[in-house]
Every structure is written in structure tokens, then in C-alpha cells.
Amino acid sequence: MASAPDLPPLNRQFVAHFGEMGSKWGINRTVGQIYALIFLSERALNADEIAEMLEFSRSNVSMGLKELQAWRLVHLRHHAGDRREYFEAPKDVWEIFRVLAEERRRREIEPTLSMLRNALLESPTSDAERHAQARMREMHDLIDRLMKWFDDVQRLAPETAMQLMGMGATVTKVLTLKDRLTGGASKKSKGPAGET
């Protein structure tokens with residue numbers, strides 16, 4: 001087997017950064033570095049190449065690859081005449097973001113929404129519980145609305161979604177103009193009886 005090439009300095013810097021950021025994103029340093037290496041690679045890599053380039057043990061690489069497969073962030077490939085497994089990242093960065101967001105939603109947000117839904121079905125027995133339930137309803141409604149918005153964005157073509165993200169300040173200006181034209185801002189600032 002040919003020796004794996006050394007990483008260029010720019011690639012090494014990116015790989016090191018992903019390793020450091022991994023713990024902040026809920027993955028360990030090794031998994032972050034393995035993913036960064038695969039993401040930057042021009043071709044699919046096998047576990048031996050990854051271990052050699054990153055100077056990791058083969059067992060650490062195998063565990064890291066299993067975790068990345070569980071997150072659906074790497075694809076398994078086979079080469080004709082070669083029994084080894086090769087791994088590559090999706091080519092489309094939008095696809096990577098979409099998969100990562102879906103996995104985080106499934107693992108972190110859905111359990112929270114489920115807990116909040118169950119808590120909102122309970123009958124409060126004290127003022128403290130009524131207050132807590134009202135706060136939980138606010139949290140549930142915000143998360144639920146964000147998830148519906150995210151579902152809508154996911155259905156957009158990547159080019160359309162990128163355009164939408166680039167419109168941040170423009171959307172704010174349009175909504176402000178709409179409020180001025182319809183009097184929406186003044187209605188919001190008034191109390192229930194129309195008093196300020």
C-alpha cells in the first residue's frame with residue numbers, strides 16, 4: 001500500500017480547528033478531525049489512510065467513522081478489486097448542513113418538544129406550576145414555529161434558500177415598511193383597549 005500523503009499546512013489548520021470545535025458541537029476531537037479530513041479530501045479515503053494522515057490509532061478511526069456514519073455525514077464507497085471500505089463526505093455543503101440539522105433535531109429538539117407537550121397536558125395544581133406551564137408554553141410555541149420554518153426552508157431548492165439567507169436586512173426593511181403602511185407597529189404598542 002502506498003504511503004498516505006502529508007497534509008498541507010492549510011488542510012492541517014482546518015482539521016485542527018474542527019477537532020477543537022468538535023467538543024462544542026457535541027462530538028469528540030477525534031471525530032471532528034476525521035470529518036474535516038474527509039470533507040477536504042479530493043477522493044474517498046480508507047481507514048488506514050485516515051489513521052496515517054492524522055496519526056491516530058486504527059481503532060480510534062474505526063470508532064470515529066462509525067459515529068460519522070450514524071450521523072449520516074459520510075458515505076461508504078467500495079472500489080473494484082479492493083476489499084477496503086472508503087469514506088467520503090457529501091459534495092454539496094447544503095446537503096451536509098441539512099443532514100446535520102436533521103440529526104440534531106432528532107437527537108436534541110424532538111425530545112425537548114415531546115417533554116414540553118407532555119408537561120402542557122398536565123393540570124397545574126399551584127400558582128408556581130401555572131407560571132411554569134405558561135413559560136413552557138412560550139418555549140414550546142417558539143421551538144414549534146422554528147421547526148415549521150425550518151421544514152419550509154428545507155423544501156426550498158438550495159439556490160433559493162441561499163438567496164433567502166442573503167436577504168436578512170432586506171426582509172427586516174420590508175416588514176418594517178409593511179408595519180408603517182398597515183399601522184401594524186402602532187397596533188402592537190397599544191394595550192387591549194387601544195390605549196398606549
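Residues numbered from 1 in each chain as written. Predicted model: local features only at pLDDT ≥ 70, side-chain atom pairs only at ≥ 80, totals over all residues. Heavy atoms only, no water.

The name recorded for the protein chain in an unreviewed UniProt entry is HTH-type transcriptional regulator, from Variovorax boronicumulans. Under the UniProt heading Sequence similarities (unreviewed entry), the entry covering the protein chain gives this text: "Belongs to the GbsR family." (UniProt positions renumbered as here; feature names shortened; annotations may be inferred.)

The subject of this paragraph is the pattern of salt bridges. Inspection of every chain in the model, using the stated rule, returns 17 salt bridges. Glu 88 is paired through a salt bridge with Arg 77; the nearest N and O atoms lie 2.7 Å apart. You can see Glu 88 sitting in strand S3 (residues 82-88) and its partner Arg 77 sitting in strand S2 (residues 75-79), a full eleven residues away along the chain. Take Glu 88: its relative accessible area is 16%, and that puts it in the buried class. Judged by its relative accessible area of 36%, Arg 77 is partly exposed. (Salt bridge = Lys/Arg side-chain N within 4 Å of Asp/Glu carboxyl O. Helix = DSSP H or I, 4+ residues; strand = E, 2+ residues; numbered from the N terminus. Buried < 20%, exposed > 50% of the residue type's maximum accessible area, 1.4 Å probe, protein only.)

All right, on to helix H6 (residues 127-154) then. Between its first and last C-alpha atoms H6 spans 40 Å; for 28 residues at 1.5 Å apiece the expected length is 40 Å, and the two agree. Buried within H6 are the following residues: Gln 133, His 140, Ile 143, Met 147, Phe 150, Val 153 and Gln 154. Taken together, the buried residues of H6 touch helix H5 (93-121) and helix H7 (158-165). (Expected span 1.5 Å × (residues − 1). Contact = heavy atoms within 4.5 Å.)

On to the packing of aromatic side chains, then. This structure, assessed with the given rule, holds four aromatic pairs. Each ring, one from Phe 14 and one from Phe 18, has its centre 4.8 Å from the other, and the planes form 35°; the classification is tilted. Remark: Phe 18 and Phe 14 occur in helix H1 (residues 9-22); sequence separation between them is four residues, near one turn of the helix. Aromatic side chains Phe 14 and Phe 39 sit 6.1 Å apart centroid to centroid with 25° between the ring planes, which places their arrangement in the stacked category. In this pair, Phe 14 is assigned in helix H1 and Phe 39 in helix H2 (residues 29-40), connecting sequence segments 25 residues apart. Among the aromatic residues, those joined into a cluster by ring pairs are Phe 14, Phe 18, Tyr 35 and Phe 39. (Phe/Tyr/Trp six-rings, centres within 6.5 Å; stacked < 30°, edge-to-face > 60°.)

This part takes up the confidence of the model for the protein chain. Per-residue confidence for the protein chain gives a mean pLDDT of 86; residues scoring 70 or more make up 91%. Here helix H9 (residues 184-189) stands out as the element of the protein chain with the lowest mean pLDDT, 52, in contrast to strand S1 (residues 45-46), whose mean of 97 is the highest. For the stretch residues 189-196, pLDDT sits under 50, and the model shows three contacts to residues farther than four places along the chain or on other chains. (pLDDT = per-residue confidence, 0-100.)

The next subject is the sheet that holds S1. An order of S1-S3-S2 is seen for the three strands of this open sheet, with the pairing classed as antiparallel. Unpaired on one side and paired on the other, S1 and S2 mark the two borders of the sheet. Pairing between S2 and S3: five bridges, direction antiparallel. The residue of S3 that forms the bridge with His 79 is Asp 82. (Pairing = 2+ DSSP bridges.)

What follows concerns unusual backbone geometry. Working note: non-glycine residues mostly have negative phi, and peptide bonds are mostly trans. In this structure, Glu 55 is a non-glycine residue whose phi angle is positive, near 60°. Residue classification places Glu 55 among the exposed positions, given a relative accessible area of 71%. Of note, Arg 72 is a non-glycine position whose phi angle comes to about 60°, a positive value. Checked against the element boundaries, Arg 72 lands in the loop between helix H4 (58-70) and S2.

Our focus in this paragraph is the packing of H1 against H2. Put simply, H1 and H2 touch, their axes get as near as 7 Å, and they point 145° apart. Crossing angle aside, the handedness with which H1 passes H2 is right-handed. Packed against H1, whose contacting residues are Asn 11, Phe 14, Val 15, Ala 16, Phe 18, Gly 19 and Glu 20, the element H2 presents Arg 29, Gly 32, Gln 33, Tyr 35, Ala 36, Leu 37, Phe 39 and Leu 40 at the interface. Residues that form the contact of H1 with H2 fall into these classes: nine nonpolar, four polar and two charged. (Axes fitted to C-alpha atoms, helices over the stretch in contact; angles between N-to-C directions. Left-handed = near helix turned anticlockwise from the far one by under 90°. Nonpolar A, V, L, I, M, F, W, Y, C, P; charged D, E, K, R; others polar.)

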